[in-house]
Structures are given as C-alpha cells and as structure tokens.
Amino acid sequence: MLETVSSIETTHVPDALRPTIEALAKVARNLSYTIRRGPLGQSLGHAVGENTDGDAQKALDVLADDAFASALGAAGVRWYASEEREEIVPLSEHGRFALAIDPLDGSSNIDANVSIGTIFSIYEAKGDSYASLLRPAREQIAAGYVIYGPQTQMIVTFGAGVQTYLLDPETDTFKLVEATKTIPEGSSEFAINASNYRHWSKPVRAYIDDCLAGSEGPRGKNFNMRWIASLVAETHRIMSRGGIFLYPGDDRPGYGRGRLRTVYECAPIAFLMEQAGGAATDGCDPIMSRTARTLHERTPFVFGTTVKVDRVAAYHDLPDHEVSALFGNRGLFRA
Ligand SMILES: O=P(O)(O)OC[C@H]1O[C@](O)(COP(=O)(O)O)[C@@H](O)[C@@H]1O
Ligand SMILES: [Mg+2]
Ligand SMILES: [Mg+2]
C-alpha cells in the first residue's frame, strides 16, 4: 500500500547514498506501520529463537532484519551485517556500500508499547566483507537511527552535521524538520541500569555515587536518572535535551565489556554524537578511534554531552585512593 509513495526528502543526502537511504526509509516506514498496528496485525513480541549473542529473538527482530536485507540489495549495498545474523551476507556484487544494522533495537520493549528503533552504519565497501566493516569507526560515511515512538523519526549524519526527518502520517514521507541538530548543554540527567551497581568497577561507582549525592556531594547539584532499556530512545532523549548514558562493563559473566555491540550499535551512535557536538567513549577512549575485531564484539559505552563524557574518563584516571574515597573526600571533582 505504501510502496509507491516516495519515502524521504533527499536534499541533504549525498547522491551516491540516495538509493540506500530511500530503501532504509521505505522499510522503516513499513515497520512503523506494522508496529503501530500491534496486535491488530502480526504477532510481534513473542520469542522465536536466539541470536548469535544468546539474546532472545522476537518475531519483530526477524521480520525487520528480513525486510532490510531484501530491500538493500537493490539499493547499492554490497555487504550486509546484522545483529540477527552470525556472518556478513553478500547482497549485491556491484553495490558500493557495506551496511551494519541493528534492525530492531530495544526488543524487550515491544510488548510494553515503549519506543524502539533501528540503528545503521555505512562504509564504502571493500572487496572483502569483513575488511569492509571491521575498520576504524571514523571511516563511516553515514550513520543513523530510526525511532518508532509517538512520532517516527530518522536521525542521520553524512559527516556534515546531523539531520532529523519526521515521518509525516499524512504523506507517508520522512520530511526534514531539523537540518543541524546539536546536543543541548546543561542537562542534569544520567542514564544507567542501576540494578547492576554492585557489579560495576570503582570508577563507575564513584561517578554515579557523586551524581546520587546531589547537592550534598562534590558535584554540588541534584541529578535525575532515566533508564528506558531502548538504546535508540535513550540516544534520542540525549540528542533532544542533553545528558549522559552509560552501559559500562561489569563483573557479571559475559558482561566484562558491557552489553552493547560496537559495529552496529555504538559506532553509529558515536558518529552521530560527534556530529551533534557530543562525545562517545568506552569510558576512556573515543569509540570513533576503535576498530572492532569481531562483528558482534561488545564495548563499554558512554555517550552524551562532551563535558559529562570527559568527566567519566577523568574518574578512570583517578588514583585508587581517590576513587575509593567517600565522596566527601574526593577532592578533584568539586563542581
Ligand atoms: O536490559 P539491560 O541490560 O538494561 O539492557 C538494555 C539495553 O539492551 C538493548 O535492548 C540491546 O539492544 P537489542 O534489543 O537490539 O538487543 C539496548 O537497546 C538497551 O540499552
Ligand atoms: Mg540493540
Ligand atoms: Mg536488536
């Protein structure tokens, strides 16, 4: 029904990438429609298996992955890497791009009608599939996400700022609503899954302790906490009003390098953050300087307003006696 309508305004999209972005937008538009229909349409939130990382795969994860893979072959994509597939898949021999995707982010939220999303990252393709995608994140030529929330929006960068497109329900087209998105300074919000507190390293605990101490602690002001458990929704909130997100490594089995995946979750969000004036690190070093060694590799992930992200890195540089001190004695971080 929606196939014939143009999917996105492409004035800001580089010519070579237009077919790819149009195909992404077309699939996202159809997914948005499927998600909005919820139980009136296909069953979306039930588990259908496990992906390579051992995460439960929901029906919507698989449906989204199949839809993107079948649309992108005819849209300039040579190599397709997905959270839902163990290996990189060849799509079109003559395609110019390599694309990595988290087709459906935040799957645990499908049944709860909370915002979910799609995250993608694009490189120039090389002859070898893995060499095309396991390379410095700074070599990305485009990255973005789609948020399926009260509004469906696509946020994208081609290396010259960040653009926001809104899916207009009246025309079924993604329309440009913001040509240069920048992260506001001054938010007092931090996002972390605090149920893992006892598993965190000392620097992460110290950083959060100092936020929780509020106006009585070394920061001298109160903070607010958020945790949606949809990376895309957290990213969008930070893009819209600032703040910081942390998913650190912790000492639970399998979580030494956190939960989030470098290639199709963290690298694209890091690119967007930098282009919007923010920052993204693994707690210490920029994600954009990293090269993933494997397709499904995880990384600790900290992103948001630059001064806040830098502050987390500074906690990692503190000597042990400072980081272990009660906040009242941690002299370096008095606001
Ligand atoms: O349940 P946890 O450990 O808080 O993890 C939540 C994180 O997991 C994710 O859902 C992982 O993404 P997927 O749904 O694509 O596997 C993120 O969106 C979110 O930030
Ligand atoms: Mg995800
Ligand atoms: Mg996913």
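What this report covers is the structure whose coordinates are included nearby. (Residues numbered from 1 in each chain as written. Chains lettered and ligands numbered in written order. Predicted model: local features only at pLDDT ≥ 70, side-chain atom pairs only at ≥ 80, totals over all residues. Heavy atoms only, no water.)

### Brief notes about the coordination of the magnesium ion (ligand 2)
Working reference: metal with six octahedral donors, ideal angles 90 or 180 degrees; metal with four tetrahedral donors, ideal angle 109.5 degrees. Looking at the magnesium ion (ligand 2), the protein donor atoms are Asp 102 (OD), Asp 105 (OD) and Glu 265 (OE), and they sit 1.9 to 2.1 Å from it. For the magnesium ion (ligand 2), all donor residues lie on one chain, and their spacing in sequence is D-x2-D-x159-E. Taken as a pair, the magnesium ion (ligand 2) and the magnesium ion (ligand 3) show a spacing of 3.7 Å, with Asp 102 coordinating each metal. Taking the relative accessible area as the measure of exposure, Asp 105 reaches 5% and is therefore buried. (Donors = N, O, S within 2.8 Å, 3.2 Å for Na, K, Ca; no water. Buried < 20%, exposed > 50% of the residue type's maximum accessible area, 1.4 Å probe, protein only.)

### Section: the sheet that holds strand β13 (residues 244-247)
Remark on secondary structure: sheet strands pair via backbone hydrogen bonds, oriented parallel or antiparallel. Pairing within the open sheet is mixed, and its five strands lie in the order β12-β11-β13-β15-β14. Of all the strands in the sheet, just β12 (224-226) and β14 (279-281) have a single pairing partner and so form its edges. Taken pair by pair, the neighbouring strands of this sheet meet at an average axis angle of 15°, ignoring direction. In the sheet, β14 pairs with strand β15 (residues 301-304) via three bridges, with the strands oriented antiparallel. What sits directly across from Ala 279, in β15, is Gly 304. (Pairing = 2+ DSSP bridges. Helix = DSSP H or I, 4+ residues; strand = E, 2+ residues; numbered from the N terminus. Axes fitted to C-alpha atoms, helices over the stretch in contact; angles between N-to-C directions.)

### Observations concerning the site of ligand 1
The local shell around ligand 1 holds 17 residues, among which Gly 106, Asn 193, Leu 231, Tyr 247 and Arg 259 are the closest. At 3.1 Å, a side-chain N or O of Arg 261 approaches an oxygen atom of ligand 1. Relative to its unbound accessible surface of 480 Å², ligand 1 loses 89% to contact with the protein. Here the shell around ligand 1 gets three residues from one element, more than from any other, and that element is strand β5 (residues 97-105). Residues that form the shell around ligand 1 fall into these classes: six nonpolar, four polar and seven charged. Lining the shell around ligand 1 are residues from two domains, each supplying at least three of them: domain 1 (15-178) and domain 2 (189-333). (Near = heavy atom within 4 Å. Polar contact = N/O pair within 3.5 Å; in protein donor to acceptor, adjacent residues only side chain to side chain. Areas by Shrake-Rupley, 256 points an atom, 1.4 Å probe, with all protein chains shown as cover. Nonpolar A, V, L, I, M, F, W, Y, C, P; charged D, E, K, R; others polar. Domains from an automatic or database assignment.)

### Here's the deal with the sheet that holds strand β9 (residues 162-168)
The strand order across the open sheet formed by eight strands is β4-β3-β5-β6-β7-β8-β9-β10, and the pairing between neighbours is mixed. With one partner strand each, in any of the chains shown, β4 (89-90) and β10 (173-178) form the two edges of the open sheet. With respect to the sheet, helix α1 (residues 18-37) is in contact with β3 (77-82), β5, β6 (116-124), β7 (142-148), β8 (152-157), β9 and β10, its orientation differing from that of β6 by roughly 170°. Strands in contact with helix α2 (residues 59-72) are β3, β5, β6 and β7; relative to β5, the strand with the most contacts, it is inclined by about 155°. (Contact = heavy atoms within 4.5 Å.)

### A closer look at the side chain of Lys 308
Tracing the backbone shows Lys 308 in helix α7 (residues 306-317). Of the side chains bearing the opposite charge, Glu 185 lies closest to the buried Lys 308, which forms no salt bridge; the N-O distance is 7.8 Å. Ignoring sequence-local partners within four residues, the contact set of Lys 308 consists of Ser 187, Tyr 207, Lys 221, Phe 223, Gly 243 and Ile 244. (Lys, Arg positive; Asp, Glu negative; His and termini not counted. Salt bridge = Lys/Arg side-chain N within 4 Å of Asp/Glu carboxyl O.)

### Comments concerning the pairing of β5
Counting buried residues along β5, nine of its nine residues qualify, which places the element largely inside the surrounding structure. For β3 and β5, the ladder comprises five bridges, and the chain directions are parallel. The partner of Tyr 80 across the bridge, within β5, is Leu 99. Across seven bridges, β5 lies against β6 in antiparallel orientation. Of the residues in β6, the one forming a bridge with Phe 97 is Glu 124.

### Structural notes on the state of the cysteines
Summed over all chains, the structure comprises zero disulfides. Summary of cysteine pairing: Cys 211 is not part of a disulfide, and the nearest cysteine sulfur, belonging to Cys 284, is at 17 Å. Cys 266 carries a free sulfur, and the closest cysteine sulfur to it, the one in Cys 284, is 15 Å from it. (Disulfide = S-S within 2.5 Å.)

### Here's the deal with unusual backbone geometry
Residue Asp 172 is not a glycine yet carries a positive backbone phi of 55°. What makes Asp 172 buried here is its relative accessible area of 17%. Residue Ala 229 is not a glycine yet carries a positive backbone phi of 70°. As for its position among the elements, Ala 229 is in the loop between β12 and α5 (231-241).

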